[in-house]
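Descriptive structure summary
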Amino acid sequence: MVNIRMIDTQGYGIHKMYQSQKDRYLPMPDYDLSTADEVVLNLPGTIIDENYSLMLLANQDMSLMDAVLLDQV
């Protein structure tokens with residue numbers, strides 16, 4: 001999997017995924033770690049909370065960390 005670049009070995013893909021969601025004014029990815037042997041990723045492709053998206057749109061210079069924290073609210 002590493003040889004065909006299907007696994008991110010340095011962690012840059014995670015940051016890129018969060019940044020991409022922010023740039024599209026969408027909710028941040030969410031992980032379900034409820035089982036010990038798997039991680040389930042929820043990557044919303046639509047607006048869930050319009051106020052969150054409008055806040056990102058109005059504050060385009062918001063840092064990624066602030067966007068993640070805002071998403072938690």
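In case you missed it, the structure is sitting above this.
This write-up is about the structure you can find in this document. All figures in this text were calculated on a predicted structure; none of them were measured in a lab.

Despite not being glycine, tyrosine 25 has its phi angle at roughly 60°, a positive value. Structurally, tyrosine 25 can be placed in the loop between α1 (12-23) and β1 (30-32). For tyrosine 25, a relative accessible area of 25% corresponds to the partly exposed category.

Next up on the list: a negative patch on the surface. Together, Asp30, Asp32, Asp37 and Glu38 give the surface a local cluster of negative charge. Here glutamate 38 lies in the loop between β1 and β2 (40-42). Given the relative accessible area of 46%, glutamate 38 is considered partly exposed.

Attention now goes to the packing of helix α2 (residues 50-58) against helix α3 (residues 64-72). One way to put it is that α2 packs onto α3 with a least axis distance of 10 Å and a crossing angle of 160°. Judged on the interaxial angle alone, α3 and α2 are roughly antiparallel. As α2 packs across α3, the resulting crossing turns out to be right-handed. Contacts between α2 and α3 pair Tyr52, Met55 and Leu56 from the former with Ala67, Leu70 and Asp71 from the latter.

Cut-off values and rules
Residues numbered from 1 in each chain as written. Predicted model: local features only at pLDDT ≥ 70, side-chain atom pairs only at ≥ 80, totals over all residues. Heavy atoms only, no water. Helix = DSSP H or I, 4+ residues; strand = E, 2+ residues; numbered from the N terminus. Buried < 20%, exposed > 50% of the residue type's maximum accessible area, 1.4 Å probe, protein only. Patch = residues over 30% accessible without salt bridge, like charges linked within 9 Å, V, L, I, M, F, W, Y side chains within 5 Å. Areas by Shrake-Rupley, 256 points an atom, 1.4 Å probe, with all protein chains shown as cover. Salt bridge = Lys/Arg side-chain N within 4 Å of Asp/Glu carboxyl O. Lys, Arg positive; Asp, Glu negative; His and termini not counted. Charge placed at Lys NZ, Arg CZ, Asp CG, Glu CD. Axes fitted to C-alpha atoms, helices over the stretch in contact; angles between N-to-C directions. Parallel < 35°, antiparallel > 145°, perpendicular 65-115°, else oblique. Left-handed = near helix turned anticlockwise from the far one by under 90°. Contact = heavy atoms within 4.5 Å.

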